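# Structure at a glance
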Amino acid sequence: MTSGSINIAIGGEAGDGILSAGEILCKIFFESGAGLCTYKNFPSRIRGGHTSYSIRAAGGYCSSRSCETDILVAFDEETFDFHNGELKDSSIVIYDPAKVKNIKKPEGCSPTYYEIPFAELASKNFSKHLYKNTVMVGVIAAILNIEDAHIVKGLSALIKAKKGEDVLKINMSACELGMEHYRKIEGAKRLAMPSGKIDAADSLMITGNEAVTLGAIAGGCRFIAAYPISPATEIFEMMCSELPKAGGTAMQAEDEIAAICAAIGAGFAGARSMTSTSGPGLSLMAEAIGLAGCAEVPVVIVDAQRPGPSTGLPTKTEQGDLYHAIFCSHGDIPRIVIAAADVGECFEFAANAFNLAEIYQCPVILLTEQVIAQNKFAAPKFDYSNIEINRGRLLSEAELNKPGYKFLRYEFASDGVSPRAIPSQAGGVHLCNGNEHLESGRITEDPELRRKITDKRMKKIEAAASSKYLPAPKFYGDDAARYGVIVMGSNTGAAVEAIDIISAKTGRRDFKIMQTRSLMPFCVEAAAEFISKREKVFVVENNYSAQLCGLVKMHIPAHGKLVSVLKYDGMSFAAAEIADRLMTEVR
Amino acid sequence: MTSGSINIAIGGEAGDGILSAGEILCKIFFESGAGLCTYKNFPSRIRGGHTSYSIRAAGGYCSSRSCETDILVAFDEETFDFHNGELKDSSIVIYDPAKVKNIKKPEGCSPTYYEIPFAELASKNFSKHLYKNTVMVGVIAAILNIEDAHIVKGLSALIKAKKGEDVLKINMSACELGMEHYRKIEGAKRLAMPSGKIDAADSLMITGNEAVTLGAIAGGCRFIAAYPISPATEIFEMMCSELPKAGGTAMQAEDEIAAICAAIGAGFAGARSMTSTSGPGLSLMAEAIGLAGCAEVPVVIVDAQRPGPSTGLPTKTEQGDLYHAIFCSHGDIPRIVIAAADVGECFEFAANAFNLAEIYQCPVILLTEQVIAQNKFAAPKFDYSNIEINRGRLLSEAELNKPGYKFLRYEFASDGVSPRAIPSQAGGVHLCNGNEHLESGRITEDPELRRKITDKRMKKIEAAASSKYLPAPKFYGDDAARYGVIVMGSNTGAAVEAIDIISAKTGRRDFKIMQTRSLMPFCVEAAAEFISKREKVFVVENNYSAQLCGLVKMHIPAHGKLVSVLKYDGMSFAAAEIADRLMTEVR
Amino acid sequence: MLTTNELTYGKSTWCPGCGHYAVLNAIQRAVIELGLKKEETVCVSGIGCSSKLPEYLDVYGFHTMHGRSLPHAQGVKLANPELTVINVGGDGDGFAIGCGHFVHAARRNVDITYILMNNQIYSLTKGQTSPTSDRGFITKTSPEGAEEAPVNTLLMALTAGATFVGCGFSSEVTGLGSLIASAVKHKGFSFINVMSPCVTFNKLNTYDSYKKQSYKFEETTGYDPQSYEKAIEAALGYFERKPLGLLFKTETSVFKEVHMSEHPIAPAMQDISDPKKHSNLMERYLRH
Amino acid sequence: MLTTNELTYGKSTWCPGCGHYAVLNAIQRAVIELGLKKEETVCVSGIGCSSKLPEYLDVYGFHTMHGRSLPHAQGVKLANPELTVINVGGDGDGFAIGCGHFVHAARRNVDITYILMNNQIYSLTKGQTSPTSDRGFITKTSPEGAEEAPVNTLLMALTAGATFVGCGFSSEVTGLGSLIASAVKHKGFSFINVMSPCVTFNKLNTYDSYKKQSYKFEETTGYDPQSYEKAIEAALGYFERKPLGLLFKTETSVFKEVHMSEHPIAPAMQDISDPKKHSNLMERYLRH
Ligand SMILES: Cc1ncc(C[n+]2csc(CCOP(=O)(O)OP(=O)(O)O)c2C)c(N)n1
Ligand SMILES: Cc1ncc(C[n+]2csc(CCOP(=O)(O)OP(=O)(O)O)c2C)c(N)n1
Ligand code: SF4
Ligand code: SF4
Ligand SMILES: [Mg+2]
Ligand SMILES: [Mg+2]
């Protein structure tokens, strides 16, 4: 997957411009053909507090952070607390003496330290100390020997658009100043960029939230109602400017309940519609998810997960909403839950979520995670021609009015999928209902009909299990492997790399990975087969309760074989971490 | 458990006075020493629509409805649609010709029919046709040969209190009129009351909602905030009049979110506090349940379940909220979920829920069901001396201010249970927090501390598993039995009777029952042992998704042995129904 | 033209004498008067006796969940502005659990009509205190009498920014019918508070008591429905004297109007069959 | 007497210049002025930059969840009426997601104080349109400018039944401190709208703009905080001219006051150790 990588971490105070410096570096690397994955670590406050931007520039596409740092830039002393553990002998540490008075050195390794007065250089030469970040970019470019053309392209792509030609020029000089400064340091270490390259011309650099938005619009979404919440806000913000251009409407709701209800209203009215949120919002939507299930209204809910419970850690990452997504709301509800592993899947799953919602006339929950939602990744260009639009049993007015046809909104169809009509269609007038109802939609309390309509409603999910729009599980590694690893979402990339690390270290390819991409309906047969062939299966997930493992156990009686590998400290798994944990487990 | 029973069903239009006639009959039977269980079937509307009141008068305590009817009273023709299936050759059917023009007869049996013009008799003799119900009571008393003394007591207990002496007198004569009328019918059939008796002097006749209320007040509840919802409303209504007398406060909230939040606020302030609701309300409470879990505030939530999803069937019964109760809210949350089987457990569990909530400083969800919540049952008097009050690690001001002691609200206690202080206590000042926090309660985002506080928070539930206040599973039947039956809540009584029915029919005692009374933490070891000893285990529950069965599977890899017996038509299981289903399964 | 009969589905299950019958009838009259088509009309409701109305009205309907009908109704309208959207429900539904949504629907000014069937009690749950219950009203949840200040729905509508505010009464179906018709015609969020007695559970606020308390607002001297101040004044007096008819009406821009004028095709009616049309959005993430 | 220092916990993490500092300081002044004890004072909040206030105030605190602080605060007070309960939060917290709770807290008239830290924007989530944002305000969620009518919080408080309504400004800490002190002293639900600028995300509503728009209400001719009409009038003008100080104050019965006067021991302080005391409740279910 990757062939070597260079990892850079920049640490300092929030609001210090670290994030935009990181973005510029990313762009430069991207132009140079590096595969990229970024990892921002920032507090839930607006200014101050330690922030860091880590960039992994790899020889190919990569989707998980590294836990090693080759170049560490410290704008404050706290940076050492956060990143010393990532350093090794070959690492370079650069710090600005303006704020770093004492260097805390790591134990067990001796990196090389360079003091560079970024702030001073910047304010002396450009009268604005904020250019210190661009000076820093220059230093890194010097260390890594990056071609000037890429630097120019990277800087100009980000700066020109926003601030104009003049600002760009100053930045160019600031960057050059940084390069020169570093080059003048005697015997200053250099590091090489990874040798491999991605096909940059056919690649994107994008966040999961952006990918979801592109996927949703391509998938025909024309209505969104949402309420701001980290780390999902960017989806709604982007929709607010882009959806109207596609003939759609965005509505900022007064809360998440109103958001999903408006989305359900729009879904009933025939627009492909969605809401985007995170844990607290998803919790609030529980009742309405039940309504969409009962009334059989298509609606897509994107949940960019963050660590709970309650307000928890709004800017960190976790996979702790799985249980709620699958089991929330009183009563028995048809629903579909899928989880995306990377920006590519964010795009693809977002688009298909609308097909699933309309075909099976039920709520579809797309789970992402802060770590993919808000970080930038290089990925192959999205393939729009792969996206199909399938509106399921939505009838045309002609079909509704075919002589002899009697439209019944909740007809007892054998696969549970009844015909659907939308307001404005003559011949389709009906009542959509969250009370228990007859085939016509009108209230009933008859026990026998209640049983039948429940069967009908729930049967759809069986049908959905074999839908081509439902992402099937994906496997990585040799089928002969003794051990299995089950993952979902963002851990996929890290796990795939982990087995590479293990085989590099041990020479053995003992692990096969199963990525469960649809959680409801769950890929029971595939998982059963996968587990049956293995001696032990590790379920790697980011939460305390081992939710994915619990789900597997509910379906497959292999409890003895399943071992949970958990992390719930707000950080994502790095590949090396998974590799270590797995190796300890099988030792 | 019971020794024979007589089953009476009265059907007619809602608002016809059927419910109060039923209550009078109950009271009369109760006075005569019958064990009682009632079953109301009514629509979710105020007037009109078919309503019926079924009474099972048994030779001992009983807690499940029968599916046979010995005496059917039909005030309208719809009654036949609802109850014909319950008739047998020995049944007596009485109908009022005022509204019943056509008798729809059952297939496969020939009950005896009597036409009695209740309305006419009543309006002729008492100028008010509403006395027809009392005339009907007289007829039933005549059929069953009930002692006058019990009739007088029953009538006067209910009528005098409400309407005074005069009304009572008229009712007495109406009742006599009914008796005479029936006695005059030539060769009119009689039926015998069951021979066994309960100790009526040591018994109660009460609904589950009333029992919960008594239990909560006895258990020290001094604050309730709630929002009306069927079938839980009566808890809050009774609290509104009774709680102030006990020095507590009831607040009608603007919605269920406000209700649970106010209850959490009161819990934080040191009052034992609760909210009562049903499915839609429980769904709305998901986020706040997470807050109580994260902030470690004791709060009790009573969920009187009704069939979902969404508005579903507000006046019917189901056990479909289990998954939501156990799994709702984003993130990992410490919580306790218990389910009561009958009015006795409603009382006991309600009281203990507050111990659990305060000891483990977390939300406790008590599940009941419409069928027990709103129906009246005869039960042994509640034993108040069995109730203990244990406030857990709530510190006194003296403890808080002990020299050298430093109070930390979320101290990393080894069993996860930290010391607690409440506002007004000097030395206990702290921040209660739904954001991730330090031992002090102040915000943190540190990964290591996050992990530690999560461990601490969740560990409590392990501790709770062995608490004496957590109801342990209960078993019924022979340990040598080949088959197992796992149940929760109201199905317990029906299942226990079902195995009696089976052994009466087959002569074999092949079934042992396990009633899971605590669902979270789940009684894993007991269940594993129970299942391991059986060839097959039937999980009998009232929902579509086999939620209890899913929960068992999550904990115990015995999927192959588990067979679901489900019912989700809004009605409760009758014992005979369970017996039939089990016998078919093992045939 | 449609008839009342054609607009009726099944048989209502309200109690005989219930005020809600008149509201159903008045809506049907308005639909007929405005010449609306069944398929272009959508009636949305929450949960309550009142909220059962769409069960009996034969147009597109959505019987949603308790307290959340307005967000649904706004979603319907925004997805397809060609539709006429009428939202109905009770005082518990709209002003207890739904209160926040009401304020926001009013200020957002989506072009829908909200008819509040106000009986000052929770009826479907058998008679508890509602947010519009009079102070001192005794129910099982307020055995000592309701303590809270009742919500003044007209005043709330005016202060929240509703652009059409009226008041009707179940005893006056004709007036109510034409008030509803003008509310539907109004561009923007229109609100009508209807005194719709619950004959079963509310023995305090009855047809008689309402009749005594109400007066025709348009017959007051200097009647001017453009005057916000006068409307506020009338609304302030609501608990003593109930002004019937149109209180206030103003024209302001409707939510998303600008955007919709650029896109004459409703979101729900957009041709979405070609995803590739939107691949240009991907460009900004490409290499330069 | 406590000092500001003793009432401060840790170091605030707000941006330099943020209006919320002044609110923290004013609350501390009020606590000191009133001679309250730390342990008798409870500060409850929701989620937002503003809602972090209890993190920095060293009294009992409850940092709850977004939009739901008022129900929590009412629960605290009703469980123990001896406590002084101060509820704080932002405009998004209080008037978007929390709007329904606000109306009901006001009409219920539980004796708590609610201080709204109104910066007309969602700050913690980095700058989206809030319900109090001015019309036309451009943010990432209103790229064409906010379309909705802004919520007039003072007017909303008055029409919902708040019994004490005031308005403060972060630039005037002294005035704000004594306004908060009188709000706390007031028996019943008191509400203070504080203009508390967000210097990072709101470049439209700033210290300067607020200064220009505000005037001292008590210096207007015929000032009379008992007059509901005058208060309404001043509130109606809020978007143009912001009246500083006490707008309205009235004494009405406080929620559950009657009941509490019968039971001088707070629910939270009741001796619950003897369950048998309540076995009499069982009697009505026994045989007669
Ligand atoms: C979330 C939720 N909470 C509570 C209920 C129970 N409930 C149904 S209708 C209703 C109140 C009805 O009162 P109102 O809206 O005034 O209508 P009315 O019956 O008086 O016409 C309530 C509380 C519910 N269905 N859902
Ligand atoms: C249920 C829920 N939805 C959304 C959020 C995200 N959120 C946190 S603070 C906030 C708004 C903050 O605005 P405001 O209340 O005005 O406070 P300010 O930051 O401006 O002081 C939002 C939307 C959340 N925490 N919980
Ligand atoms: S209970 Fe009241 S509101 Fe409901 S149908 Fe009957 S009269 Fe109407
Ligand atoms: S973002 Fe705004 S509201 Fe938040 S701390 Fe900074 S200035 Fe204050
Ligand atoms: Mg009502
Ligand atoms: Mg704000």
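Predicted model only: the values in this text are computed from it and were never measured.

## Examining the interface of chain A and chain C
At the junction of the two partners, chain A supplies 73 residues and chain C supplies 55 residues. Surface buried jointly by chain A and chain C totals about 5300 Å² across both partners, of which 64% is contributed by carbon and sulfur atoms. Per-residue buried area on chain A facing chain C is highest for Glu-254, Tyr-384 and Arg-442 of chain A; these three make up 13% of the total on that side. Across the chain A-chain C interface, the total number found is 4 salt bridges. In this structure, the connection of chain A to chain C is made through 22 residue pairs in polar contact (both at pLDDT 80 or more). With 8 residues, the single largest contributor to the side of chain A that touches chain C is helix H9 (residues 256–268) of chain A. Classifying every residue of the side of chain A that touches chain C by side-chain character gives 42 nonpolar, 17 polar and 14 charged. Here strand S15 (residues 431–433) of chain A runs beside strand S2 (residues 60–63) of chain C; their pairing, made up of 3 bridges, is parallel. In the sheet register, Asn-433 of chain A faces S2 of chain C, and the bridge partner there is His-63 of chain C.

## Re the domain arrangement of chain A
All names here are of chain A. Structurally, chain A comprises domain 1 (5–198), domain 2 (205–386) and domain 3 (474–585). Its C-alpha centre places domain 1 at a distance of 34 Å from the equivalent point of domain 3. Taken together, the contact between domain 1 and domain 3 spans 9 residues of the former and 12 residues of the latter. Between domain 1 and domain 3, a total of about 680 Å² is buried, with carbon and sulfur atoms accounting for 44% of that surface.

## Observations concerning the site of ligand 1
Surrounding ligand 1, one finds 25 residues, the nearest of these being Glu-256 of chain B together with Cys-49, Ser-50, Gly-92 and Asp-93 of chain C. Between ligand 1 and Gly-92 of chain C, the relevant distance is 2.9 Å, taken from an oxygen atom to a main-chain nitrogen or oxygen of the residue. In isolation ligand 1 offers 590 Å² of accessible surface; the protein chains occlude 98% of this area. The set of elements that each furnish at least two residues to the shell around ligand 1 consists of helix H10 (279–284) of chain B together with helix H4 (91–97) and strand S5 (121–122) of chain C. Ranked by the residues each element gives to the shell around ligand 1, the list is headed by H4 of chain C, at 4 residues. Residues that form the shell around ligand 1 fall into these classes: 11 nonpolar, 9 polar and 5 charged.

## Description of the coordination of the magnesium ion (ligand 6)
Between any two of four tetrahedral donors, the ideal angle at the metal is 109.5 degrees; between two of six octahedral donors, it is 90 or 180 degrees. Residue and element names in this part refer to chain D. Distances from the magnesium ion (ligand 6) to its protein donors, namely Asp-91 (OD), Asn-119 (OD1) and Ile-121 (O), fall within the range 2.1 to 2.2 Å. All donors to the magnesium ion (ligand 6) come from one chain, and their sequence spacing reads D-x27-N-x1-I. Residue Asp-91 is found in helix H4 (residues 91–95), and its partner Asn-119 is found in the loop between strand S4 (113–118) and strand S5 (121–122); the two are separated by 28 residues along the sequence. Taken as a pair, Asp-91 and Asn-119 share a single burial class, namely buried.

## Some thoughts on the UniProt feature "domain: Pyruvate/ketoisovalerate oxidoreductase catalytic" (unreviewed entry) in chain A
Those residues carrying the UniProt feature "domain: Pyruvate/ketoisovalerate oxidoreductase catalytic" (unreviewed entry) are residues 14–180 of chain A in this numbering. Annotated as residues 14–180 of chain A, this span is 44% helix and 17% strand, and its ends, taken at the C-alpha atoms, are 28 Å apart.

## Focus: the sheet that holds strand S4 (residues 113–118) of chain C
Strand order in the open sheet formed by 9 strands is S15(A)-S2(C)-S1(C)-S3(C)-S4(C)-S8(C)-S7(C)-S10(C)-S9(C), and the pairing between neighbours is mixed. Sheet topology places S15 of chain A together with strand S9 (214–216) of chain C at the edges, where each strand pairs with a single neighbour. Averaged over all pairs of adjacent strands, the angle between their axes in this sheet comes to 20°, without regard to strand direction. The strands touched by H9 of chain A within the sheet are S15 of chain A together with strand S1 (41–45) and S2 of chain C, with S2 of chain C carrying the most contacts at an inclination of about 150°.

Criteria and thresholds
Residues numbered from 1 in each chain as written. Chains lettered and ligands numbered in written order. Predicted model: local features only at pLDDT ≥ 70, side-chain atom pairs only at ≥ 80, totals over all residues. Heavy atoms only, no water. Contact = heavy atoms within 4.5 Å. Buried area = accessible area lost by both parts, 1.4 Å probe. Salt bridge = Lys/Arg side-chain N within 4 Å of Asp/Glu carboxyl O. Polar contact = N/O pair within 3.5 Å; in protein donor to acceptor, adjacent residues only side chain to side chain. Helix = DSSP H or I, 4+ residues; strand = E, 2+ residues; numbered from the N terminus. Nonpolar A, V, L, I, M, F, W, Y, C, P; charged D, E, K, R; others polar. Pairing = 2+ DSSP bridges. Domains from an automatic or database assignment. Near = heavy atom within 4 Å. Areas by Shrake-Rupley, 256 points an atom, 1.4 Å probe, with all protein chains shown as cover. Donors = N, O, S within 2.8 Å, 3.2 Å for Na, K, Ca; no water. Buried < 20%, exposed > 50% of the residue type's maximum accessible area, 1.4 Å probe, protein only. UniProt positions renumbered as here; feature names shortened; annotations may be inferred. Axes fitted to C-alpha atoms, helices over the stretch in contact; angles between N-to-C directions.

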